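As a plain string of letters, each chain reads:
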Protein chains: 2
Amino acid sequence: MASTKLDPIDRKILAELQADGRMTNVELAKRVGISAPPCLRRVRTLEEQGYIRGYHADVDSRALGFEVQVFAMVGLMSQAEIDLSAFEERCRDWPLVRECHMLNGEVDFVLKCAAPDLSTFQTFLTEELTAADNVASVKTSLVIRCAKDLPGVPFEVLEERLERDA
Amino acid sequence: MASTKLDPIDRKILAELQADGRMTNVELAKRVGISAPPCLRRVRTLEEQGYIRGYHADVDSRALGFEVQVFAMVGLMSQAEIDLSAFEERCRDWPLVRECHMLNGEVDFVLKCAAPDLSTFQTFLTEELTAADNVASVKTSLVIRCAKDLPGVPFEVLEERLERDA
DNA sequence: CGTGATATTGAAATAATATTGCGCAGCGAG
DNA sequence: CTCGCTGCGCAATATTATTTCAATATCACG
């Protein structure tokens, strides 16, 4: 990851691919204002350097029968690093847990979970999560609806900031 | 969205594209066990029927200088639908807010925010979010680290469940 | 300011992929 | 059965990705 700095074209590429990850390279090249070959080379470089971690289809989980989304705020008994890591490792093993973020403040972790129905989630909650080693408290909140769900980076803010600093 | 039901091949397609959204159609066809043309037709159908909402590059926001991620728990004064919608609309206008979910329980919304640095976020927090109409309380937690961040749907769970029900 | 070393570009050629057209097989209803 | 429907795969064509290479731009240094 020899992070060379990004020029405006690179940032445009990232913004375009974040918005539409399946854009063809010719279309992308047209939009960022260079020809196809250097455009593709830039994309490959961005991938290698880790600016692009991967590409994913955005699949509608409700359409697939995952009716329930839950945020779970988890407090642990011990915040020693080894215990934090152990909990994270357990989260990685639970398929219902889609995201696991360690936080500052009173709560140690927030988990975003997805389940086909409430009873599946309840079972997971009582038999797995709450029952896990070192878990002191779990507060859950059902997602009623989602008003906004954008991927990654607000490029608008980034460009604004770069202009201002220049 | 004339939601025809999905067969195992469709689900495999969704799982593969969720894992790698830029897979070529021939590779995808190989993996799901059919030839390229019908595979592409299925993908198009899945897109049209809304099972696939889009494709996105997963861009590393830290590499781009967005050092700060925050979860904000927001309580409103009024939970009347018109006030809820008004708040959601405001969230859509704030670029630092990447996700906005309405919850049940004591907290009305959870927001996932991204900012270049702490002071940018603090400014947003005090001058925009906390100051917004109808906002009663905001509790924020910095993300210290992210142990897991998977896209969308746990297909493992879905398949398990289908097998069991069969 | 030059000037050479180093990158980066774009046109053209080639390889790979996507997409269309069409005939065939499987299957349920009459 | 056999018609009608659906979905498959082969083959042909259109697009796109990728490599090659000569020309241009960029930059450190004298």
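Residues numbered from 1 in each chain as written. Chains lettered and ligands numbered in written order. Predicted model: local features only at pLDDT ≥ 70, side-chain atom pairs only at ≥ 80, totals over all residues. Heavy atoms only, no water.

### What to know about the domain arrangement of chain A
Interfaces are frequently sized by the accessible area removed from exposure as the parts join.
Thinking step 1. In terms of domain boundaries, chain A breaks down into domain 1 (1-58) and domain 2 (68-142).
Thinking step 2. Between the C-alpha centres of domain 1 of chain A and domain 2 of chain A there is a distance of 35 Å. (Domains from an automatic or database assignment.)

### What about the UniProt feature "domain: HTH asnC-type" (unreviewed entry) in chain A?
Thinking step 1. UniProt records the feature "domain: HTH asnC-type" (unreviewed entry) at residues 6-67 of chain A, using the numbering of this structure.
Thinking step 2. Here residues 6-67 of chain A runs as 53% helix and 13% strand, with 41 Å between its end C-alpha atoms. (UniProt positions renumbered as here; feature names shortened; annotations may be inferred. Helix = DSSP H or I, 4+ residues; strand = E, 2+ residues; numbered from the N terminus.)

### Details of the protein's contact with DNA strand C
Thinking step 1. The full set of residues close to DNA strand C is A:Ile34, A:Ser35, A:Pro37, A:Pro38, A:Arg41, A:Arg42, B:Thr24, B:Asn25, B:Val26, B:Pro37, B:Leu40 and B:Arg44.
Thinking step 2. Within 4 Å of the protein, the contacting atoms of DNA strand C are 67% sugar and phosphate, with bases supplying the remainder.
Thinking step 3. A:Arg42 is positioned with one of its side-chain polar atoms (N or O) 2.6 Å from a phosphate oxygen of DNA strand C.
Thinking step 4. Sorting the residues of the surface near DNA strand C by element identifies helix 3 (36-48) of chain A together with helix 2 (25-32) and helix 3 (36-48) of chain B as the ones contributing at least two each.
Thinking step 5. Looking at the surface near DNA strand C residue by residue, the classes come out as six nonpolar, three polar and three charged. (Near = heavy atom within 4 Å. Polar contact = N/O pair within 3.5 Å; in protein donor to acceptor, adjacent residues only side chain to side chain. Nonpolar A, V, L, I, M, F, W, Y, C, P; charged D, E, K, R; others polar.)

### Looking at the pattern of salt bridges
Thinking step 1. Enumeration over the complete set of coordinates arrives at 32 salt bridges over all chains.
Thinking step 2. The partner of A:Arg42 in a salt bridge is A:Asp7, with the nearest N and O atoms 3.0 Å apart. With A:Arg42 in helix 3 and A:Asp7 in the segment before helix 1 (8-19), this pair connects stretches of sequence that are 35 residues apart.
Thinking step 3. Owing to a relative accessible area of 23%, A:Arg42 belongs among the partly exposed residues under this scheme.
Thinking step 4. For the salt bridge of B:Lys112 with A:Glu99, the shortest nitrogen-to-oxygen distance reads 2.9 Å. One end of the pair, B:Lys112, is in strand 4 (residues 109-115); the other, A:Glu99, is in strand 3 (residues 97-103), on a second chain.
Thinking step 5. The class for A:Glu99 is buried, based on a relative accessible area of 6%. (Salt bridge = Lys/Arg side-chain N within 4 Å of Asp/Glu carboxyl O. Buried < 20%, exposed > 50% of the residue type's maximum accessible area, 1.4 Å probe, protein only.)

### As for the protein's contact with DNA strand D
Thinking step 1. Near DNA strand D you find A:Thr24, A:Asn25, A:Val26, A:Pro37, A:Leu40, A:Arg44, B:Ile34, B:Ser35, B:Pro37, B:Pro38, B:Arg41 and B:Arg42, and these make up its full shell.
Thinking step 2. Close to the protein, within 4 Å, the atoms of DNA strand D are drawn from sugar and phosphate at a rate of 72%.
Thinking step 3. Between B:Ser35 and DNA strand D, the recorded distance is 2.8 Å, taken from a backbone N or O atom to a phosphate oxygen.
Thinking step 4. Contacts to DNA strand D include B:Arg42, whose side-chain N or O atom sits 2.6 Å from a phosphate oxygen.
Thinking step 5. Only helix 2 (25-32) and helix 3 of chain A together with helix 3 of chain B provide two or more residues apiece to the surface near DNA strand D.
Thinking step 6. For the surface near DNA strand D, the leading source of residues is helix 3 of chain B, giving four residues.
Thinking step 7. A per-class count over the surface near DNA strand D returns six nonpolar, three polar and three charged.

### A short note on helix 5 (residues 118-129) of chain A
Thinking step 1. By the burial criterion, the buried members of helix 5 of chain A are A:Thr120, A:Phe121, A:Phe124, A:Leu125 and A:Leu129. All buried residues of helix 5 of chain A project into a common sector of 135° when viewed along the axis, lining one side. Among the exposed residues of helix 5 of chain A, those oriented more than 90 degrees off its buried face are A:Thr126 and A:Glu127.
Thinking step 2. The inward-facing, buried residues of helix 5 of chain A contact strand 2 (68-76), helix 4 (81-93), strand 3, strand 4 (109-115) and strand 5 (135-149) of chain A together with helix 6 (155-165) of chain B. (Arc of directions from axis to C-beta. Contact = heavy atoms within 4.5 Å.)

### Brief notes about the environment of B:Leu64
Thinking step 1. For B:Leu64, the location among the structural elements is in the loop between strand 1 (52-59) and strand 2 (68-76).
Thinking step 2. Classification of B:Leu64 by relative accessible area gives buried; the value is 9%.
Thinking step 3. Separated by 59 residues in sequence, B:Leu64 and B:Lys5 place their C-alpha atoms 41 Å apart.
Thinking step 4. Beyond its immediate stretch of four places on either side in the chain, B:Leu64 contacts A:Leu6, A:Leu14, A:Val153, A:Phe155, A:Leu158 and B:Val59.

### Examining the relation of the copies chain B and chain A
Thinking step 1. Rotating chain B by 180° about the axis while translating it 0.0 Å along that axis superimposes it on chain A, leaving an RMSD of 0.0 Å. Seen this way, the second copy is the image of the first under a two-fold rotation axis. (Least-squares fit on C-alpha atoms with pLDDT ≥ 70 in both.)

### Considering the interface of chain B and chain A
Thinking step 1. Every contact between the two is made by 73 residues of chain B and, on the other side, 73 residues of chain A.
Thinking step 2. When chain B packs against chain A, close to 6,900 Å² is buried across both sides, 54% of that on carbon and sulfur atoms.
Thinking step 3. When the area that chain B buries against chain A is broken down by residue, the three leading residues are B:Arg22, B:Arg98 and B:Lys148, summing to 12%.
Thinking step 4. The interface formed by chain B and chain A includes 14 salt bridges. (Buried area = accessible area lost by both parts, 1.4 Å probe.)

### Let's talk about the side chain of A:Lys148
Thinking step 1. Positionally, A:Lys148 belongs in strand 5.
Thinking step 2. Summary of buried charges: A:Lys148 has no salt-bridge partner, and the nearest side chain of opposite charge, A:Glu156, is 6.9 Å away.
Thinking step 3. There is a polar contact of 2.9 Å between the side chain of A:Lys148 and the backbone oxygen of B:Cys91.
Thinking step 4. Within the local environment of A:Lys148, its side chain forms a polar contact with the backbone oxygen of B:Arg92, the two atoms lying 3.2 Å apart.
Thinking step 5. In contact with A:Lys148, other than residues within four places in its own chain, are B:Cys91, B:Arg92, B:Asp93, B:Trp94, B:Pro95, B:Val97, B:Arg98, B:Glu99 and B:Cys100. (Lys, Arg positive; Asp, Glu negative; His and termini not counted.)

### Digging into the packing of helix 2 of chain A against helix 3 of chain A
Residues and elements named next belong to chain A.
Thinking step 1. Interhelical geometry of helix 2 versus helix 3 gives an angle of 100° and a closest axis separation of 9 Å. On the basis of their axis angle, the class for helix 2 and helix 3 is roughly perpendicular. Taking contact as the criterion, the partners of Asn25, Val26, Leu28, Ala29 and Val32 in helix 2 are, on helix 3, Ala36, Cys39, Leu40 and Val43.
Thinking step 2. Across the contact of helix 2 with helix 3, the residue classes break down as eight nonpolar, one polar and no charged. (Axes fitted to C-alpha atoms, helices over the stretch in contact; angles between N-to-C directions. Parallel < 35°, antiparallel > 145°, perpendicular 65-115°, else oblique.)

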